[in-house]
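# Breakdown of the fold
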Protein chains: 2
Amino acid sequence: MHEMNIGQAASQSGVNAKMIRHYEAIGLIKPAKRTGSGYRIYNDIDVHTMRFVKQARNLGFSIGQIKALLGLWQNQRRSSRKVKELALSHIQELDERIREMQEIKHTLAHLVHHCHGDDRPDCPILDSLAQAHAGKQTGIPKKNSKRNLTHYTRRIG
Amino acid sequence: MHEMNIGQAASQSGVNAKMIRHYEAIGLIKPAKRTGSGYRIYNDIDVHTMRFVKQARNLGFSIGQIKALLGLWQNQRRSSRKVKELALSHIQELDERIREMQEIKHTLAHLVHHCHGDDRPDCPILDSLAQAHAGKQTGIPKKNSKRNLTHYTRRIG
DNA sequence: CTTGACCTTCCCATGATGGGAAGGTCTAGA
DNA sequence: TCTAGACCTTCCCATCATGGGAAGGTCAAG
């Protein structure tokens, strides 16, 4: 069983030392054993765990999700159903975000398409941003609000 | 010229009061005039500016980009070229992120496809995360490093 | 013994947003 | 005129994952 300092564990796992300490601090990985002088010591199993974490991060799982995945990984009596559910839910999140970004992208592409992009100031992109449809002045009053939408005149100074 | 407090400006612009103060603090919008008692006062032009910011945020522009867009918007001698460049660069960022997320999504979808998702523990998703190809132990030494990859034995405790 | 690579903890920063406390201001209504 | 309560102020803290950097201790090699 190869024992090593945090730097080597970092090199071998792909998780840098700063993050290893952080993951320990937030409870994602177990507190490392220490030498008499306080240095953290890791073994190959620890490195394997860190690689798992790294891989999961690379796939965009959040720390919370990784905590769950680690639990399942280390649980011999897990059901693959749980794992699949986690992964599917992550895929759904990704889908949602991809969809939003594509929508934005298409809107922008449309605007860009209509912008001359020359020395003149006229620009449909700015015009679109300046359009007035962002307000909430719909006339629907907020609950428990007497003054919020009232147009009282004010004495300044 | 309709003058109003921050709450009404928030309602009319869609940017909440907290964020209006924040935008002022970071220099995105001008410091508001104040009443004698310190209340911020806004007019319709300010609200228009806030809506512009809101719209740009809705399109995913960063605060920095919005600062630039606001400058262009308020500059009569702007060239639409600059605006188009900004928008195109944002589109590129979006594309990049979308591409990354789709890659992740496809990887995950592939893994999910091969996972039974039943009561048994066997799970290709976990197997994949646990795969060892995340390390940096390629034998390529770091610059200025004498000890980083040396396998010195250690006295523990 | 010195060098310097490595380790420790602690604080701070990012970007955009928000919660909440403590306290002051304003207007409507009794 | 007083009071209720909606509204405003500033200040601090939290999120999420990551990292920079300071101050100081440890270790192995020369």
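The paragraphs below set out a description of the structure included in this document. (Residues numbered from 1 in each chain as written. Chains lettered and ligands numbered in written order. Predicted model: local features only at pLDDT ≥ 70, side-chain atom pairs only at ≥ 80, totals over all residues. Heavy atoms only, no water.)

### Re the interface of chain B and chain A
Worth spelling out the cut-off: A contact between two residues is defined here by any heavy atoms of the two lying within 4.5 Å. Buried area is a sum: the accessible area each of two parts loses on coming together, probed at 1.4 Å, counted once for each and added. We define a salt bridge as a contact between a side-chain nitrogen of Lys or Arg and a carboxyl oxygen of Asp or Glu at a distance within 4 Å. Polar contact criterion, stated in full: a pair of N or O atoms within 3.5 Å, where within protein one must be able to donate a hydrogen and the other to accept it, and residues adjacent in sequence count only if both atoms are side-chain atoms. Here a helix means four or more residues in a row that DSSP labels H or I, a strand means two or more in a row labelled E, and each is numbered from the N terminus.
Each side of the interface is counted separately: chain B has 78 residues, and chain A has 79 residues. Across the interface of chain B and chain A, roughly 6800 Å² is buried in total on both sides, 64% from carbon and sulfur atoms. Counting the surface chain B buries against chain A, the share from its top three residues, B:M101, B:L126 and B:L129, is 10%. As a salt-bridge pair, B:K105 and A:D95 come within 2.8 Å of each other at their nearest N and O atoms. The tally of links from chain B across to chain A stands at 22 residue pairs in polar contact (both at pLDDT 80 or more). Looking at the side of chain B that touches chain A, the elements that each hand over two or more residues are α1 (6–13), α3 (44–58), α4 (63–73), α5 (80–114) and α6 (124–130) of chain B.

### Some details on the packing of aromatic side chains
All names here are of chain A. Note the threshold: In this analysis, rings of Phe, Tyr and Trp, with Trp reduced to its six-membered ring, are considered paired at centre separations within 6.5 Å, and the interplanar angle assigns stacked below 30 degrees, edge-to-face beyond 60, and tilted for intermediate values. Burial status follows relative accessibility: with a 1.4 Å probe on protein chains alone, a residue under 20% of its type maximum counts as buried, one over 50% as exposed, and anything between as partly exposed.
What the rule picks out here adds up to two aromatic pairs over all chains. Ring centres 4.3 Å apart and planes at 15° place the aromatic pair F52 and W73 in the stacked group. Taken together, the residues F52 in helix α3 (residues 44–58) and W73 in helix α4 (residues 63–73) connect sequence positions 21 residues apart. W73 carries the same exposure label as F52, and that label is buried.

### Concerning the relation of the copies chain B and chain A
Let me state the cut-off plainly: For this overlay, a least-squares fit was computed on C-alpha atoms, restricted to residues scoring pLDDT of at least 70 in both copies.
For the pair chain B and chain A, the best superposition has an RMSD of 0.0 Å and corresponds to a rotation of 180° with a translation of 0.0 Å parallel to the axis. Classification of the inter-copy transformation places it as that of a two-fold axis. For chain B, the smallest separation between a C-alpha atom and the rotation axis is recorded for B:I98, amounting to 2.9 Å. A symmetric contact is evident, with 100% of the interface residues of chain B recurring at the interface of chain A.

### Describing helix α2 (residues 17–25) of chain A
All names here are of chain A. The cut-off we apply is this: As used here, the arc is the angular range of directions from the helix axis to the C-beta atoms.
Within α2, burial applies to A17, I20, Y23 and E24. Angular distribution of buried residues about the axis of α2 spans 120°; they occupy a single face of the element. Away from its buried face, by an angle of more than 90 degrees, α2 presents the exposed residues K18 and A25. On its buried side, α2 packs onto α1 (6–13), β1 (33–34), β2 (40–41), α3 and α4. The distance from a side-chain oxygen at the start of α2 to the backbone nitrogen of K18 is 3.1 Å, and the residue carrying that oxygen is N16. Just downstream of α2, G27 is the residue with a positive phi angle, here 85°.

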